[in-house]
Amino acid sequence: MSAAQLYTKYTRVWIPDPDEVWRSAEIIKDYKEGDKSLHLKLEDETLYEYPVDPQGNELPFLRNPDILVGENDLTALSYLHEPAVLHNLKVRFLESNHIYTYCGIVLVAINPYEQLPIYEQDVIYAYSGQNMGDMDPHIFAVAEEAYKQMARDEKNQSIIVSGESGAGKTVSAKYAMRFFATVGGSASETNIEAKVLASSPIMEAIGNAKTTRNDNSSRFGKYIQIGFDKRYHIIGANMRTYLLEKSRVVFQAEDERNYHIFYQLCASASLPEFKDLGLTCAEDFFYTSQGGDTSIDGVDDADDFEKTRHAFTLLGVKESHQVTIFRIIAAILHLGNLEIQAERDGDACSVSSEDEHLNNFCDLLGVEHSQMQHWLCHRKLVTTAETYVKNMSLQQVVNARNALAKHIYAQLFNWIVQHINKALHTTVKQHSFIGVLDIYGFETFEVNSFEQFCINYANEKLQQQFNLHVFKLEQEEYMKEGIPWTLIDFYDNQPCIDLIEAKLGVLDLLDEECKVPKGTDQNWAQKLYDRHGSSQHFQKPRMSNTSFIILHFADKVEYQSEGFLEKNRDTVYEEQINILKASKYQMVADLFQDEKDAPPTTSMGKGTSKISVRSARPVIKAANKEHKKTVGHQFRNSLHLLMETLNATTPHYVRCIKPNDEKLPFKFDPRRAVQQLRACGVLETIRISAAGFPSRWSYHDFFNRYRVLMKKRDLSKNDKKQICQTLLEDLIKDPDKFQFGRTKIFFRAGQVAYLEKLRADKFRAATIMIQKTVRGWLQRVKYQRLRQAAILIQRHTRGHLARRLAEHLRRTRAAITFQKQYRMLRILRAFQKVRKATLTIQAFARGMFVRRTYQKILAEHKATILQKYARGWLARTRFLRLRGATLVLQCCYRRMKARQELKALKIEARSAQHLKKLNIGMENKVVQLQRKIDEQNKEYKLLNEQLSTLTSAHSSEVEKLKKELLQYQQSHQGDGNQLVSLQEEMEHLRLELERAHGERKVVEDSYTKEKDLLRKRISDLEEENALLKQEKEELNSRILCQAEDEFPQITVEENIQMKKELEEERSRYQNLVKEYSRLEQRYDNLRDEMTVIKQAPGHRRNPSNQSSLESDSNYPSISTSELGDTEDVIQQVEEVGMEKAAMDMTLFLKLQKRVRELEQERKKLQTQLEKKEQESRKSQVMETKAEGTSEHEDFAYNSLKRQELESENKKLKNELNELRKAVAERAAQNNSSSDIQDSYNLLLNQLKSASEELEVRKEEVLILRTQIMKAAQQKEMGKNMESITTSASWPNSDKHIDQEDAIEAYQGMCETNRLLEAQLQDQRREHEEEIEALKTQVDALQEEMEKQHQAFLQTLQLSPEAQVEFGLQQEITRLTNENLDLKELLERLEKNERKLKKQLKIYMKRVQDFEASQAAVPAERRQHEQNMQVSVQRKEKDFQGMLEYYKEDEPLLIRNLITDLKPQTVSATVPCLPAYILYMCIRHADYINDDQKVHSLLTSTINGIKKVLKKHNDDFQLTSFWLANTCRLLHCLKQYSGDADFMTQNTPKQNEHCLKNFDLTEYRQVLSHLSIQIYQQLIKIAEAILQPMVVSAVLENESIQGLSGVKPMGYRNRSSSMGDGDNSYSLDAIIRQLNTFHSIMSDQGLDPEIVQQVFKQLFYMINAVALNNLLLRKDVCSWSTGMQLRFNISQLEEWLRGKNLQQSGAAQMLEPLIQAAQLLQLKKKTSEDAEAICSLCTSLSTQQIVKILNLYTPVNEFEERVTVAFIRDIQMHLQERNDPPQLLLDFKHMFPVMFPFNPSSITMDSIHLPASLNLEFLNKV
């Protein structure tokens, strides 16, 4: 395109300006070829003619369209030149407050001189993982790009940060390292990233100082290598430093300071640990007060010093080393305050030996005062022959002192750097590293010396490397896209570098001059003039012979040669160094050791890195004066090593710009900015880019942007690439202006602006057409509206007139109607008045006649009533008189009949038959009671004899012990302590005996009372039967008198003898019962004591010790109470002492033996009594059978027994049926378990009492019926005694005695006596056997006691310690065995008890269910329904909702149900089936009361779930599955806990499934915590899946096609900076993923409340990620993006409504994003718009609103930018808000989760176990 096409009217250009550097103007007249001037209009409306050279054709630079202003990347500008770059940076910095801008591969960072909230942790996370061009420019984006390329390409990276002093280099490097420390945190516990960050305050303290340009200027360069392992975690770091400005230690310019550490130490001099440093304020020291003000505004030196010390500690610097460091720094300050006195006209000097500062200096460094005083003022000259000591002048002494101070500080600086590297060093193999180079930028001052020369030399090398890298990237881009590569001319600064470092260059000549004995700066400058005078990069100033000029790439700099030689030599006198080497402080001496003796510096570059990184300070050979390497030579070597490192890495560039010299926030000085842009290479990057094809568009973006320029027939094609080619060939005729690559179109500079101009023209024409059409339509609409208004007015007027006429006619007609109605009403009222009066008169007259008739009828009725009552009274009186006479006659007759009946009854009462009936029942009861009393007396007597035997044995044993004690006292008179102990033991035994006697008395008293009660009852029975006994005795006497043979006499004598024996046996039994009662009471007392002892705290042996003693146990077992006593003894040994415990052990053994004997006796007596009762019953039955004389007698007995049992069974069955009916009725009325249990207990008690009564009645019936049968068989014998009994008669009756009855009574008494005699003989025999057995046991116990006594005597001969040890060992061994035996017995008993309880509950349940069903079902349908419901009842009876498993199957249960379970396995079953199965297992363990099993199962379950979740920490389905099951198990434990609060919704069936024995509240808390952990893991998995989709789907996805326009892109959107693969997602992808999450959680039975909380959290994350990305991206802050965003959000809200999740609060989480979308769409011009924005955006903070407004970018030129005034207006409206300072939302924030109680309606007995779970080992209960 020609100039005439570009420089047309309204085109804007840039013209030079002395103040603003460049100024904008607008062309007001088209330019034509050959014009000598260009007619312009400036921004202030002034006209200006810009001269144009016709030959040079130097037209002004064209200005970019407004749409391109404020671009993130300067290379995206269509016109690439200096004014465009400067203007873009200025607009971004001042209007949008953006300090970062891309310029190709360079990040330009402008120092804002203000703290900005863009470096928080959330910003780091926002940039982490993002492509570099996707987000706004930031130092974090460069760091992320370096980190990503290191991981992707496995190549080391470098970030080069450069700039002037005060531009912000150190801060940028610090933030880059913070990013690496956060993103690549160490995987181990070494916390290396914290150490890397901790090195910053140390290096700032010792290497930074205040300058006129910067309050915290780095006065050295550093290169920090951060090492990473294969997983790209930080493992270590290494630091290299370059060219410390040592001269600042001894000299500071006006308004500058020394290094910060000096002022920090002076500010903390008052601390106790620094009292001996001798420091005061900084103003008192020469080295810290030369610059004037010693403080910095806003900086607290004391606080910074604490941070420095903390950093030293964190890096592992010992406290002693820290103290030495501070001593050295204080010594340097004292060295600067030395008072040097001149002597002999200044040729000699001296320092006073009393100088306070000299003494402090020597004391602090530990050197000799006299030597240091001498060599500070003298120097040694060594020649070949001899050595001279020469005085130094005052100036020489001052220079030597300053050189010494600089050298000390430099050595200390190097030592600290080495120790920082040691602290950051790691032994782990390094895989790769990222280097951060913080180095000084190009510097030029009024006076430039050796330091500026070295700095600019380093920048020349870095600029050369930068140019080569940019050129290389351009070449790679062209080759990748297949574009023909043409050589681009770029500035090569190799000649300037050769001038400095080549052979005989500036540095070589400087080193050569330093070797000359009397070399001077002037001679060196003259050599430079002679050698390089003809070089194009070297010039000699006209007015000076000591300066020289070098033309650097950025500018030409004039250097003053004065001081070059001295600084290059860096001379320090060897004598002073030797004194320091002899310091008494090892660290001070080590600082000045020769470098050949120093340990080598560890390199961080070894290992797997692709280069070998060497130390920045190369190892130098002998450090003597002749061959010592100069500072320039060392710096050149270090610089070469640095360049080798950078060339072996992928560099990333950060150029820091200082916007003004006044350090004012957000003030932009264009002249200073342009100067730095030229110096740092930014403009060189622009020039190289402009020389090629700087503008690059993808075919897709170009098609979307410029489709308006395409023709309709071209748009119908499917090949977008071909369409773009056709368009460009039609629009741009010069084919060299563009190139087609594989994926992009490349444009020359200015072509995009030309296309934008064509696009704007197209839009302008279309706009005019739209405006014309719309204006015509508006006029037509206005005319039609006026016409319709006129017609409407006419219609309304005519209607008004017609309505007024109609109103008049209606009023006239109404008046006539009113008159007619009034007249009619007046006449009607008069007529009604007359009629009413007539009716009143008639009513009164008729009432009078009716009342008269009523009174007459009433009087007649009353007379009739009086007659009726009178006649009734007369009739009743006559009737009563007749009835009385009748009753008198009846009474007399009945009295006569009663007397006759009474007489007959009295005669009958005196008959024998009646008396016989009474005697039979009462006599049997007396016999039975006497028999029971006799048995009890015999048992008591036996027990009493045994007790007396034991008492005598005990007394004999005591006597024997007394005799032995006397013998022992006689043989051991000296052993007084043992005598005392034995006496105490005897006293204790005596007390025990007395206590036993007292207890015996108590028992006897209680027995006496019980015996009195029993006797009272017997006496009552005897009184009742007294008459019967008397009659019985008279009958017996008569029988004896009348009998002639001796048989009755013998029978009577035997009966008397049996009675005597029975009385004796009864007394013995009572004694035994008494003794048994006493022993039983003693046993209860001992058991209570054992319980108390067990509850008391003391030593308890753990299971391991118990098991270790099992093999040594050979003693019999003892009771549990003995174990408790033994433990008490052990505790007594620990508390009282070994000797006293030894004496108490004997007492303990005897007491235990006595308790054991009593326990055994009690058990044996109890068993003997039981056995005796059983044998007595058997002997009674056998005796009864033996006396039978025939088979008929046996048959009769059996038949009687059977009949009696049948009758009793019938009776019991009837009672049982009645009880069952009662239970069934109560069960029907109340289903509670407590009532059922009470009914069942009542049933058992009644059954028990009935069975006891049955046994008693059975015995009575057997005895009586047997006697009756015997009497019947002996009727023949009664015939022989007729003569005897003929005259017999009853004494109280006048009737004769029946002979058969008398014989029967006599035979019954005989049989009874024989039965009692047989029983007594059997009891006597058994008693003798028991006595023999007891004697045998007593003998055995005595033998055992003898053995124990012997062992006791042997023990007494041992030492007290041995006695205690032997006694304890023996007793513990025996007790351990007994304890184990008792435990086994206890386990068996508990097992049997559980089994019986289980059976009892099952039977009880079955009885209740059966009885309830029987009572509820009608009789006629009962059988039918039972047959129909057999299967249902069987199911209820067979499965009670419990699962039983063996303890050894628990791991298999956990493995099959948790560890190896896949959610798909149980997908077709009840949701949360594993939770129900686990609860059924827990319920069974609770049912059998096994707490260990419950604890083990719950613990294994929790651990198993944790193990599964840890293994599958990225599986959403599995995590959701176990969250649902954990919550369900938690709900089950609550629902069936028995707590009324959780049982409100339970059914009666579910209430039966509640836990009975255990309270699992603590486990519910543990499960709640586990549920929270699973929920958090579920959220993390879901967020990890959704987060990569959010930005692409919500912000970038074009849901509304063709709405968004695409803006030009810069270098950062090239393919080389993007990751591989297409990471774009649509909104449908997010919705599909949300559907997947929802279906998984719903199918697995997760509670709806938890599902709502999950989606609330996920939608918060979507909102936070999208909003954060929006706040950090300029390209998405447009009106079209707001429209797309609002549509996408509406789709998400629609999804929430479709899933019925409106109440979850998820939609409210999107409110900030909705308001951000609305903010992008609202008008942003007037104050009303500002108020509307403030009232609408309530969920956005002030910072977020202002940030979005700053980022708002018009998509085309028809949109207007947001003005700065509007943003200020918004800030004024929002200043009253108290918003948080954070800009970004914390997308990792997690809301607290709640697990509301959600009971299940499923009953446990309805759950089916699928075979796929492999749980066959579980048994249904």
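In what follows, the structure referred to is the one given above.
Along each chain, the written sequence defines residue order, and numbers are assigned to residues from 1. It should be noted that, the model being predicted, local features are given only for residues of pLDDT at least 70 and side-chain atom pairs only at 80 or more, the latter also being counted only at that level, while totals for whole chains, interfaces and linings use all residues. The basis for every side-chain value is the complete set of heavy atoms in the structure, and neither hydrogens nor water enter the calculation.

Student: Got a minute to help me understand the sheet that holds strand β6 (residues 100-103) in this structure?
Tutor: Sheet strands pair by backbone hydrogen bonding; their relative direction is either parallel or antiparallel. By this definition, two strands are paired if DSSP reports at least two bridges between them. Going along the chain from the N terminus, every DSSP run of H or I of four or more residues is numbered as a helix, and every run of E of two or more is numbered as a strand. Judged by pairing direction, the sheet is mixed, and its seven strands sit side by side in the order β6-β7-β21-β8-β17-β11-β12 without closing on themselves. Of all strands in the sheet, those bounded by a partner on one side alone are β6 and β12 (234-242). For this sheet the average axis-to-axis angle between neighbouring strands, irrespective of direction, equals 20 degrees. Pairing of strand β11 (residues 221-228) with strand β17 (residues 432-438) involves seven bridges; the strand directions are antiparallel. Residue pairing in the sheet places Gln 225 in a bridge with Gly 435 of β17. Packing against the sheet, helix α2 (residues 82-95) makes contact with β6 and β7 (106-110), and its axis sits at approximately 155 degrees to β6. Note on contacts: a residue pair qualifies if any of its non-hydrogen atoms lie within 4.5 Å across the two residues. For every element, the axis is a line fit to its C-alpha atoms; helices are fit only across the contacting stretch, and the angle between N-to-C directions ranges from 0 to 180 degrees. Against the sheet, helix α4 (residues 139-153) engages β6, β7, β8 (157-163), β11, β17 and β21 (650-657), with an angle of about 170 degrees to β21.

Student: Help me out: how do you make sense of the pairing of β11 in this one?
Tutor: Note on strand geometry: in a regular strand, side chains alternate between the two faces of the sheet. Note on classification: 1.4 Å probe, protein chains only; a residue is buried when its accessible area is under 20% of the maximum for its type, exposed when over 50%, partly exposed between these limits. With respect to burial, β11 is a largely interior element, eight of its eight residues being buried. Here β11 pairs with β12 via eight bridges, running antiparallel. In the sheet register, Gly 221 faces β12, and the bridge partner there is Tyr 242. As consecutive antiparallel partners, β11 and β12 are separated by five residues, and within that stretch Tyr 232 has a phi angle of approximately 65 degrees, a positive value.

Student: Would you mind going over the nonpolar core with me for this structure?
Tutor: Across soluble globular proteins, you tend to see nonpolar side chains buried next to one another. Ranked by size, the top nonpolar core spans 325 residues in total, and within it Phe 180, Phe 262, Ile 1477, Phe 1655, Phe 1659 and Leu 1818 carry the most contacts. By residue number, the principal contributor to this core is helix α48 (residues 1561-1596), which donates 16 residues. Ignoring sequence-local partners within four residues, the contact set of Phe 180 consists of Ala 143, Ala 146, Tyr 147, Ile 159, Gly 185, Ile 226, Phe 228, Ile 234, Ile 434 and Val 436. Among buried residues, the Ala, Val, Leu, Ile, Met, Phe, Trp, Tyr and Cys ones that are joined through side-chain atoms within 4.5 Å form a nonpolar core.

Student: Would you take a moment to explain the pairing of β6 for this structure?
Tutor: Neither face of β6 is left uncovered, since the one carrying Tyr 100 and Tyr 102 and the one carrying Thr 101 and Cys 103 both have all their residues buried. Where β6 lies against β7, four bridges are found, and the strand directions are antiparallel. By the bridge assignment for β7, Thr 101 is matched with Val 108. In this antiparallel pair of consecutive strands, β6 and β7, the connection spans two residues, and Gly 104 shows a positive phi of 70 degrees.

Student: Just checking my understanding: could you explain the side chain of Thr 294 for this structure?
Tutor: When you line up the elements, Thr 294 lands in the loop between α8 (286-289) and α9 (301-314). Polar contacts involving the side chain of Thr 294 include one to the side chain of Glu 283, which spans 2.7 Å. When residues no more than four places from it in sequence are discounted, the contact partners of Thr 294 are Arg 257, Tyr 263, Ala 282, Glu 283, Thr 288, Ser 289 and Asp 301. Any pair of N or O atoms that falls within 3.5 Å is considered a polar contact. Within protein, one atom must be able to donate a hydrogen and the other to accept it, and sequence-neighbouring residues count only if both atoms are side-chain atoms.

Student: Help me understand the pattern of salt bridges in this model?
Tutor: Between side chains of opposite charge, a pair can form as their charged atoms come close. Salt bridges are counted wherever a side-chain nitrogen of Lys or Arg sits within 4 Å of a carboxyl oxygen of Asp or Glu. Counted under the stated rule, the structure contains 35 salt bridges. Between Asp 153 and Arg 152 there is a salt bridge whose closest N-O contact spans 3.5 Å. The exposure class assigned to Arg 152 is partly exposed, which follows from its relative accessible area of 32%. Residue Glu 807 pairs with Arg 811 through a salt bridge whose shortest N-O separation is 3.5 Å. Of this pair, Glu 807 and Arg 811 both sit in helix α27 (residues 751-909), four residues apart, which is roughly one turn of the helix. Under the relative-accessibility criterion, Arg 811 is labelled exposed at 59%.

Student: Even after reading the chapter, I still don't get unusual backbone geometry, so can you show me in this structure?
Tutor: You will see that Lys 663, though not glycine, has its phi angle at about 60 degrees, which is positive. Along the chain, Lys 663 turns up in the loop between β21 and α22 (670-680). Note on Lys 663: relative accessible area 22%, which makes it partly exposed. Even without being a glycine, Phe 666 presents a positive backbone phi close to 50 degrees. Its place among the elements puts Phe 666 in the loop between β21 and α22.

Student: Would you explain a nonpolar patch on the surface in this entry?
Tutor: Like charges within 9 Å and nonpolar side chains (Val, Leu, Ile, Met, Phe, Trp, Tyr) within 5 Å are joined into patches, using only residues over 30% in relative accessible area that form no salt bridge. Where accessible areas are quoted, they stem from the Shrake-Rupley method and a 1.4 Å probe; at the residue level, only the protein chains shown are allowed to cover. A surface patch of nonpolar side chains, about 400 Å² in accessible area, is lined by Ile 770, Val 774, Trp 777 and Leu 778. Within the secondary structure layout, Ile 770 lies in helix α27. In this structure Ile 770 comes out as exposed when scored by relative accessible area, which is 53%.

Student: Any chance you could explain the packing of helix α7 (residues 260-267) against α9 here in plain terms?
Tutor: The description of two helices packed together rests on the angle between their axes and the distance between the axes. α9 packs onto α7 with a crossing angle of 105 degrees between their chain directions and a minimal axis gap of 8 Å. Taken together, α7 and α9 sit at an angle that is classed as roughly perpendicular. Contact residues: Ile 261, Tyr 263, Gln 264, Leu 265 and Ala 267 in α7; Asp 301, Ala 302, Asp 304, Phe 305 and Thr 308 in α9. Charged residues are taken to be Asp, Glu, Lys and Arg, nonpolar residues to be Ala, Val, Leu, Ile, Met, Phe, Trp, Tyr, Cys and Pro, and polar residues to be all remaining types, Gly included. Residue composition of the contact of α7 with α9, grouped by class: six nonpolar, two polar and two charged. Roughly parallel refers to an angle under 35 degrees, roughly antiparallel to one over 145, roughly perpendicular to one between 65 and 115, and oblique to any angle outside these ranges.

Student: Just checking my understanding: could you explain a negative patch on the surface for this structure?
Tutor: On the surface, Glu 283, Asp 284, Asp 293 and Asp 297 cluster together to form a negatively charged patch. Tracing the chain through its elements places Asp 284 in the loop between α7 and α8. In this structure Asp 284 comes out as partly exposed when scored by relative accessible area, which is 42%. Under this rule, positive means Lys or Arg and negative means Asp or Glu; His and the chain ends count for nothing. A charged residue contributes its charge at one atom only: NZ of Lys, CZ of Arg, CG of Asp or CD of Glu.

Student: In this structure, what is going on with the packing of aromatic side chains? I would like to understand it.
Tutor: The geometry of an aromatic ring pair is captured by the separation of the ring centres together with the interplanar angle, meaning the angle of the planes. When the centres of two rings from Phe, Tyr and Trp lie within 6.5 Å, Trp using its six-membered ring, the rings pair. Their planes under 30 degrees apart give stacked, over 60 give edge-to-face, and anything left gives tilted. A complete count under the given rule lists 40 aromatic pairs for this structure. Judged by centre distance (5.1 Å) and plane angle (75 degrees), the rings of Phe 1521 and Trp 1522 are edge-to-face. Chaining the aromatic ring pairs together yields one cluster made of Phe 450, Phe 453, Trp 524, Tyr 529, Phe 538, Phe 548, Tyr 559 and Phe 564. Any Lys NZ or Arg CZ that is within 6 Å of a ring centre and within 35 degrees of that ring's normal is treated as a charge sitting over the ring. Over the face of the ring belonging to Tyr 263 we find Arg 257, whose NZ or CZ atom lies 4.0 Å from the ring centre. Geometry around Tyr 125 places Lys 1788 over its ring, the cationic atom sitting 3.8 Å from the centre.

Student: Explanation requested: the sheet that holds strand β24 (residues 744-747) in the structure shown.
Tutor: In space, the three strands of this open sheet follow the order β22-β24-β23, with antiparallel pairing throughout. Among the strands making up the open sheet, the edge pair consists of β22 (695-698) and β23 (738-740). Here the average twist between neighbouring strands, direction ignored, is 20 degrees. Note: β22 against β24, four bridges, orientation antiparallel. In the sheet register, Ser 698 faces β24, and the bridge partner there is Lys 744.

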